[in-house]
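These are the residues of each chain, in order.
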Amino acid sequence: MTSPLKATFKHVGIYVVDLERMADFYQRWFGLVATDGGMGGSGKGVFLSSDPTEHHQIVLVAGRDPASKPTVNQLSFLVDNLTALKEYYKKAQTEDVAISMIKSHGNALSLYVIDPDGNQCEIYCNTPWYVRQPAGKPMDLTLPDENILAQVEREVRADPSFMTRDEWMAQVAQTMSA
């Protein structure tokens, strides 16, 4: 029996309406750096990364029809903690960036904003818990951290699929090594 092929996901490319505006947004909002760019076979593009070992994590390519709807469900960005997530919430309000959702997934706390081309971006932090996904409950980022975390913990502990994040990671690791 042969082993299945395995590949590691590393980057995504999306067609955009306004290349310069989109590149500016992702650089200002998420600290991505333009690592390369120019005209290629698919059109004019900008390569962006936050990891010096990765040439790009996102490539933006001009050419999306302005009348078309976004086809990206979401681009997700991990932050260190709830404090950082709240800073993004304040940034969205200050810069008048549309917020599409704020929710607890139990295993993560998420703020969803809309980029200049209408794509949804999830900004999230992990929690120390796991519940089966998809899951999502409304969350108020104006509450103190301890109130938010206490509410989320009450909700996840009431879920029959509850376990700690460490327990879940051990299960997934075992499955991946099998």
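Residues numbered from 1 in each chain as written. Predicted model: local features only at pLDDT ≥ 70, side-chain atom pairs only at ≥ 80, totals over all residues. Heavy atoms only, no water.

### Considering the sheet that holds strand β3 (residues 43-49)
Link 1 in the chain: Spatially, the 4 strands line up as an open sheet ordered β1-β4-β3-β2, and their pairing is mixed. Of all the strands in the sheet, the pair left with one neighbour each is β1 (12-16) and β2 (33-40). Across the sheet, the mean angle separating the axes of adjacent strands is 20° when strand polarity is ignored.
Link 2 in the chain: As paired strands, β1 and strand β4 (residues 58-62) are joined by 5 bridges and run parallel to one another. When the sheet's bridge partners are listed, Y15 is paired in β4 with V61.
Link 3 in the chain: Its contacts with the sheet put helix α1 (residues 19-30) on β1, β2, β3 and β4, and the angle it makes with β3 is roughly 0°. (Pairing = 2+ DSSP bridges. Helix = DSSP H or I, 4+ residues; strand = E, 2+ residues; numbered from the N terminus. Axes fitted to C-alpha atoms, helices over the stretch in contact; angles between N-to-C directions. Contact = heavy atoms within 4.5 Å.)

### Some details on the pairing of β4
Link 1 in the chain: Of all 5 residues making up β4, 4 are buried, and the element is well covered by its neighbours.
Link 2 in the chain: Looking at chain direction, β3 and β4 are connected through 4 bridges and run antiparallel. Looking at the pairing, V46 lines up with L60 of β4. (Buried < 20%, exposed > 50% of the residue type's maximum accessible area, 1.4 Å probe, protein only.)

### Section: the nonpolar core
One broad trend across soluble globular proteins is that nonpolar side chains are buried collectively.
Link 1 in the chain: Ranked by size, the top nonpolar core spans 37 residues in total, and within it Y26, W29, F30, L60, L85 and I123 carry the most contacts.
Link 2 in the chain: No other element matches the 7 residues that α1 contributes to this core.
Link 3 in the chain: Discounting residues that sit within four places of it in the chain, L85 has contacts with V79, L109, S110, L111, I123, Y124, C125, M139 and L141. (Core = buried A, V, L, I, M, F, W, Y, C linked by side-chain atoms within 4.5 Å.)

### A look at α1
Link 1 in the chain: Its 12 residues place the ends of α1 16 Å apart at the C-alpha level, agreeing with the 16 Å of an ideal helix rising 1.5 Å per residue.
Link 2 in the chain: For α1, the complete set of buried residues consists of L19, M22, A23, F25, Y26, W29 and F30. Projection of α1 onto a plane perpendicular to its axis shows the buried side chains occupying an angular sector of 160°, all on one side.
Link 3 in the chain: G31 lies just past α1 and shows a positive phi near 70°. (Expected span 1.5 Å × (residues − 1). Arc of directions from axis to C-beta.)

### Notes on the pattern of salt bridges
Opposite charge on two side chains lets them pair, provided their charged atoms get close.
Link 1 in the chain: Considering all chains together, one arrives at 9 salt bridges under this definition.
Link 2 in the chain: A salt bridge links D117 to R64, with the nearest nitrogen and oxygen atoms 3.8 Å apart. Note that D117 is positioned in the loop between β7 (108-114) and β8 (120-126) and R64 in the loop between β4 and β5 (75-78), a separation of 53 residues in sequence. As far as burial versus exposure is concerned, D117 and R64 are alike and both buried.
Link 3 in the chain: K91 is the partner of E95 in a salt bridge, and the nearest nitrogen-oxygen pair spans 2.9 Å.
Link 4 in the chain: Assessed through its relative accessible area of 30%, E95 is described here as partly exposed.
Link 5 in the chain: The class for K91 is partly exposed, based on a relative accessible area of 23%. (Salt bridge = Lys/Arg side-chain N within 4 Å of Asp/Glu carboxyl O.)

### Looking at unusual backbone geometry
Negative phi is the rule for most residues except glycine; trans is the rule for most peptide bonds.
Link 1 in the chain: Residue P134 is reached from Q133 by a cis peptide bond, and omega for that bond is 5°.
Link 2 in the chain: Here P134 is to be found in the loop between β9 (129-130) and β10 (137-138).
Link 3 in the chain: At D96, a position not held by glycine, the phi torsion is positive, near 55°.
Link 4 in the chain: Within the secondary structure, D96 sits in the loop between α2 (82-94) and β6 (99-104).

### Some details on the packing of aromatic side chains
Link 1 in the chain: Taken as a whole, this structure holds 10 aromatic pairs when the rule is applied.
Link 2 in the chain: Taking 5.8 Å as the distance between ring centres and 35° as the angle between the ring planes, the aromatic pair formed by Y26 and F30 counts as tilted. One end of the pair, Y26, and the other, F30, are both in helix α1, 4 residues apart, so they sit about a helical turn from each other.
Link 3 in the chain: By relative accessible area, Y26 is classed as buried at 0%. (Phe/Tyr/Trp six-rings, centres within 6.5 Å; stacked < 30°, edge-to-face > 60°.)

Shape descriptors only; they carry no functional weight alone.
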